[in-house]
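Letter by letter, the chains look like this.
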Amino acid sequence: MADKIQIKKENVKTLFDSPYLRVADLQYAPGKHYYDATRRDMENLTAVKSDEEFAAMLADAVSCIVILDGEEEPKLLLSYEFRYPAGQYLLSVPAGLIDEEDKGKPDPLITTAIREIREETGLEVKAADSVKVVNPLVFSTPGLTDESNALMCAVLRSAKLSDLSQEGAVGSEQFDGFCLLTRSQAREILRTGRDQRGRYYPLYTWAALMYFVSDIWREATD
């Protein structure tokens, strides 16, 4: 195993700082620089964490795989959300940042997932439903950013399609309807690499599609 490159806090400089995004200069050797786009404060950057801190860190956000498993064939619930860097409505999973007040709760990932599902779909998680952690932390594109998401799976057994709503959108969120996919429809989107509108989609959507068609979600809820 190669030696770990240790980036020291004193060798990190802020190049850009805003309420929502920062760019850090990570000097990893004399005269050698790497740049990190991050949501984190400089003192909480992933790059400077010890191995123990890294192993215990909390993700920045959650991305939710929502499956409606009622009396009919199970369906994967996705929505079309406007993604500003892409300039398009892209097929997306319910997702959102973990609030500061939720970080100290016993289950911050589940708390955040339940809130984001309610805000972005109008559906309430009830006693008959389940919300579980698929993966506690995956990195988005670690060659560019230290941003991370927890992958969550919510299996809703009593949800009614009439309750679906995107009226809970907050801030910059803009939606353009839902997409309910059967297993065969999800496989087709995976096969073609495009959604039903002919557009490309985010990697987290690909993960949701794969998790759904693999039927691993059934094992997780047995």
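Above: the structure in question.
Quick summary incoming for the structure in this document. (Residues numbered from 1 in each chain as written. Predicted model: local features only at pLDDT ≥ 70, side-chain atom pairs only at ≥ 80, totals over all residues. Heavy atoms only, no water.)

Brief notes about the pattern of salt bridges
- A complete count under the given rule lists 16 salt bridges for this structure.
- We note a salt bridge from Asp60 to Arg40, for which the minimum N-O separation is 3.1 Å. Pair noted here: Asp60 is in the loop between helix H1 (51–56) and strand S4 (61–68) and Arg40 is in the loop between strand S3 (32–38) and H1, with a separation of 20 residues, a long-range link. Arg40 carries the same exposure label as Asp60, and that label is buried.
- Between Asp176 and Arg197 there is a salt bridge, and its shortest N-O distance comes to 2.9 Å. Placement of Asp176 in strand S10 (residues 175–181) and of Arg197 in the loop between helix H3 (183–192) and helix H4 (203–214) is noted, with a sequence separation of 21 residues between them.
- Under the relative-accessibility criterion, Asp176 is labelled partly exposed at 37%.
- Salt bridges here are not isolated pairs; linked through shared partners, they connect Asp99, Asp102, Lys105, Arg115 and Glu116. (Salt bridge = Lys/Arg side-chain N within 4 Å of Asp/Glu carboxyl O. Helix = DSSP H or I, 4+ residues; strand = E, 2+ residues; numbered from the N terminus. Buried < 20%, exposed > 50% of the residue type's maximum accessible area, 1.4 Å probe, protein only.)

Thoughts on helix H2 (residues 108–121)
- With 14 residues, H2 extends 20 Å from end C-alpha to end C-alpha; this agrees with the ideal 20 Å at 1.5 Å per step.
- Listed as buried for H2 are Pro108, Leu109, Thr112, Ala113, Arg115, Glu116, Ile117, Glu120 and Thr121.
- For H2, the elements touching its buried residues are S4, strand S5 (75–83), strand S7 (95–97), strand S8 (130–139), strand S9 (148–156) and S10.
- In the segment just after H2, Gly122 is the residue with positive phi, at about 80 degrees. (Expected span 1.5 Å × (residues − 1). Contact = heavy atoms within 4.5 Å.)

Some words on a nonpolar patch on the surface
- Among the surface-exposed residues, Leu15, Phe16, Tyr20, Leu21 and Tyr35 lie close enough to one another that they form a single nonpolar patch of about 570 Å² accessible area.
- Looking at the secondary structure, you find Leu15 in strand S1 (residues 12–17). (Patch = residues over 30% accessible without salt bridge, like charges linked within 9 Å, V, L, I, M, F, W, Y side chains within 5 Å. Areas by Shrake-Rupley, 256 points an atom, 1.4 Å probe, with all protein chains shown as cover.)

Notes on the environment of Gln166
- Tracing the backbone through its elements, the reader meets Gln166 in the loop between S9 and S10.
- Between the C-alpha atoms of Gln166 and Phe139, which are 27 residues apart in sequence, the distance is 27 Å.
- Residues in contact with Gln166, not counting those within four places in the same chain, are Ser79, Glu120, Phe175, Asp176, Gly177 and Phe178.
- Of the polar contacts made by the side chain of Gln166, one reaches the backbone nitrogen of Gly177; its length is 3.0 Å. (Polar contact = N/O pair within 3.5 Å; in protein donor to acceptor, adjacent residues only side chain to side chain.)

A few points about the sheet that holds strand S2 (residues 22–29)
- Strands sit in the order S1-S2-S3 across an open sheet of three strands; the sheet is antiparallel. Because the sheet does not close on itself, it has two edges, and the strands there are S1 and S3. Adjacent strand axes in the sheet meet at a mean angle of 25 degrees, parallel and antiparallel pairs treated alike.
- The sheet contact formed by S2 and S3 spans seven bridges and is antiparallel. Residue pairing in the sheet places Arg22 in a bridge with Thr38 of S3. (Pairing = 2+ DSSP bridges. Axes fitted to C-alpha atoms, helices over the stretch in contact; angles between N-to-C directions.)

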